[in-house]
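Chain by chain, the residues:
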Amino acid sequence: MTIIPRIAQAMQEVLTETADAIARSSGFIKRLRKLTASKFVQTLVFTWLAKPNASYEELAQTAACLGVKITPQAIEQRFTPQAAELLKQTLFAGVGQLIEANPVAVAVLQRFNGVYLDDSTTVVLPDELKELWSGCGGSCPKNTQSALKIQVRLNFSSGGLTHLGLSDGCESDQNAPMQNSPIPQGGLRIADLGYFNLDVLVKQTDNGSYWLSRLKLSTGILTLDKQRLDLGQMLAQHEGDGIDQQILLGVTAQIPTRLLAARVPPEVANQRRRRIRQQAKRKGQTPSCQQLHLADWTILVTNAPVDKLSLAQALVLLRVRWQIELL
């Protein structure tokens with residue numbers, strides 16, 4: 001079976017049986033008699049796919065095409081907290097079904113009990129929703145008071161979505177509940193620097209799971225005999241194109257870690273330096289010399305042993321993170 005029929009079959013199930021089942025657990029079905037949960041979800045999905053800013057009248061027209069005669073006013077009355085919960089759970093089920101319809105098979109992934117990608121995205125909302133979802137503020141007069149942050153965890157090995165959380169747009173990734181949500185023993189977590197937290201890395205190590213991350217440059221690094229390591233100086237003196245060295249991560253935490261570094265082509269390093277300068281300029285800051293010099297390297301840290309993850313394989317898995325960006 002090809003991917004298109006699998007997705008079509010999965011979405012047909014989500015928009016019918018799954019939606020009606022969710023309605024019973026969310027309390028939504030108690031409020032609906034004429035319009036079932038599945039017809040309600042189909043009405044919204046089909047209408048908003050065609051026209052995201054559709055009116056209640058247009059929603060009612062779609063419902064009529066689905067065999068349900070209902071007034072625009074009755075549609076408006078259906079927007080309740082129970083309806084929001086129904087849509088959230090249906091979204092979770094729908095995204096999971098779509099992803100699982102196309103799992104991947106890469107040799108290095110099979111060495112781990114799942115490779116989990118964590119990321120978040122922020123959706124700006126109208127200011128009128130600030131009491132429900134708090135935004136980050138800003139200098140613009142409109143649409144700065146309310147925003148929604150979506151936290152997602154994707155098991156790239158199986159194609160399964162294992163977490164989809166909603167929170168205030170102003171919430172830091174550091175404080176997201178997903179940070180403390182464990183992955184299975186033997187699994188590998190890959191997350192961006194917004195999630196970099198030594199306490200979390202310690203917990204994951206203690207739980208028997210692995211992690212791979214870019215290094216937060218402000219983090220202290222020690223040699224195995226607990227001497228402070230000057231990363232910039234070490235890389236400047238290194239003549240090869242790659243480094244795989246055992247270190248202790250964090251001056252206090254002292255997590256046994258592999259430091260992985262790969263030299264990048266000059267054009268990539270120069271592009272990074274331009275981006276660093278641009279970002280610093282927007283914040284009214286001056287980038288440090290170390291920050292500019294370290295742009296010559298991709299620097300990673302992991303607790304996975306060499307027999308599970310080489311430097312070259314770590315770089316491949318780092319690029320896999322782009323899949324959650326696409327999602």
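Okay, so let's go over this structure. For clarity, every value in this text was computed on a predicted model and none was experimentally measured.

## Looking at the environment of Ala-262
Link 1 in the chain: Along the chain, the position of Ala-262 falls in strand β8 (residues 255-263).
Link 2 in the chain: For Ala-262, a relative accessible area of 10% translates into the label buried.
Link 3 in the chain: Along the chain, Ala-262 and Lys-283 lie 21 residues apart, while their C-alpha atoms are 29 Å from each other.
Link 4 in the chain: Setting aside chain neighbours within four positions, we find Ala-262 in contact with Asp-241, Gly-242, Asp-296, Trp-297, Thr-298 and Leu-315.

## Some details on unusual backbone geometry
For residues besides glycine, phi is generally negative; the peptide bonds are generally trans as well.
Link 1 in the chain: The phi dihedral of Lys-226 is positive, around 70 degrees, even though this residue is not glycine.
Link 2 in the chain: Position of Lys-226 relative to the elements: it lies in the loop between β6 (221-222) and α7 (231-237).
Link 3 in the chain: Overall, the relative accessible area of 54% leaves Lys-226 in the exposed class.
Link 4 in the chain: With a phi close to 50 degrees, Gln-254 is a non-glycine residue in the positive phi region.
Link 5 in the chain: Structurally, Gln-254 can be placed in the loop between β7 (242-249) and β8.
Link 6 in the chain: On the basis of relative accessible area, Gln-254 is assigned to the partly exposed category, the value being 25%.

## Notes on the sheet that holds β6
Link 1 in the chain: Across the sheet, nine strands lie side by side as β3-β2-β1-β4-β5-β9-β8-β7-β6; this open sheet has mixed pairing. Strands at the two margins of the open sheet, each flanked by one partner only, are β3 (160-168) and β6.
Link 2 in the chain: Bridge analysis of β8 against strand β9 (residues 297-302) gives six bridges, and the strand direction is antiparallel. Its bridge partner lying in β9, Leu-260 is registered against Leu-300.
Link 3 in the chain: Across the sheet, helix α6 (residues 198-206) is in contact with β4 (188-191), β5 (210-214), β7 and β8; its angle to β8 comes to roughly 110 degrees.

## Describing the layout of surface pockets
Link 1 in the chain: In this structure, the largest pocket occupies an estimated 1500 Å³ of space.
Link 2 in the chain: Taken together, 31 residues form the lining of the largest pocket, with Trp-48, Ala-84, Leu-87, Lys-88 and Leu-91 sitting closest to its centre.
Link 3 in the chain: When residues of the lining of the largest pocket are traced back to their parent elements, those giving at least two are α1 (3-26), α2 (37-50), α5 (81-100), β1 (115-125) and β2 (146-155).
Link 4 in the chain: Looking at the lining of the largest pocket element by element, the count peaks at 11 residues for α5.

## Remarks on the side chain of Lys-149
Link 1 in the chain: Looking at the element boundaries, Lys-149 is found in strand β2.
Link 2 in the chain: There is a polar contact of 3.4 Å between the side chain of Lys-149 and the side chain of Asp-173.
Link 3 in the chain: In contact with Lys-149, other than residues within four places in its own chain, are Ser-120, Thr-121, Thr-122, Gly-165, Leu-166, Ser-167, Asp-168, Gly-169, Glu-171 and Asp-173.

## Brief notes about the nonpolar core
Link 1 in the chain: By size, the foremost hydrophobic cluster in this structure holds 26 residues, and its most contacted members are Phe-112, Leu-117, Leu-188, Leu-212, Leu-309 and Leu-317.
Link 2 in the chain: At the level of secondary structure, the elements contributing two or more residues to this core comprise β1, β2, β3, β4, β5 and α10 (311-320).
Link 3 in the chain: With five residues, α10 is the single largest residue contributor to this core.
Link 4 in the chain: Ignoring any residue separated from it by four or fewer positions in sequence, one finds Leu-317 in contact with Val-108, Leu-109, Phe-112, Leu-188, Ile-190, Leu-212 and Leu-309.

## Details of the packing of α2 against helix α3 (residues 56-65)
Link 1 in the chain: For the pair α2 and α3, interaxial distance at closest approach is 9 Å and the crossing angle is 120 degrees. The angle between α2 and α3 places the two elements in the oblique class. Crossing handedness for the pair α2 and α3: right-handed. Of α3, the residues touching α2 (which contributes Thr-43, Leu-44, Phe-46, Thr-47 and Trp-48) are Glu-58, Leu-59, Thr-62 and Ala-63.

## Things to note about the pairing of β2
Link 1 in the chain: In terms of burial, β2 is a largely internal element, 10 of the 10 residues being buried.
Link 2 in the chain: Here β2 shows a buried face lined by Ser-146, Leu-148, Ile-150, Val-152 and Leu-154 and a second buried face lined by Ala-147, Lys-149, Gln-151, Arg-153 and Asn-155.
Link 3 in the chain: In terms of strand pairing, β1 meets β2 through 10 bridges, oriented antiparallel. Paired with Leu-117 across the strands is Leu-154, a residue of β2.
Link 4 in the chain: Relative to β3, β2 is paired through eight bridges, and the arrangement is antiparallel. In the strand pairing of β3, Leu-154 is matched with Leu-161.
Link 5 in the chain: Counting the residues in the hairpin turn of β2 and β3 gives four residues, including Gly-159, whose phi is positive at 85 degrees.

The rules we used
- Residues numbered from 1 in each chain as written.
- Predicted model: local features only at pLDDT ≥ 70, side-chain atom pairs only at ≥ 80, totals over all residues.
- Heavy atoms only, no water.
- Helix = DSSP H or I, 4+ residues; strand = E, 2+ residues; numbered from the N terminus.
- Buried < 20%, exposed > 50% of the residue type's maximum accessible area, 1.4 Å probe, protein only.
- Contact = heavy atoms within 4.5 Å.
- Pairing = 2+ DSSP bridges.
- Axes fitted to C-alpha atoms, helices over the stretch in contact; angles between N-to-C directions.
- 1 Å grid on protein atoms, 1.4 Å probe; cavity = no way out; pocket = protein on both sides within 12 Å on 5 of 7 lines; lining within 4 Å.
- Points joined across faces, edges and corners; volume = space filled by probe spheres on them.
- Polar contact = N/O pair within 3.5 Å; in protein donor to acceptor, adjacent residues only side chain to side chain.
- Core = buried A, V, L, I, M, F, W, Y, C linked by side-chain atoms within 4.5 Å.
- Parallel < 35°, antiparallel > 145°, perpendicular 65-115°, else oblique.
- Left-handed = near helix turned anticlockwise from the far one by under 90°.

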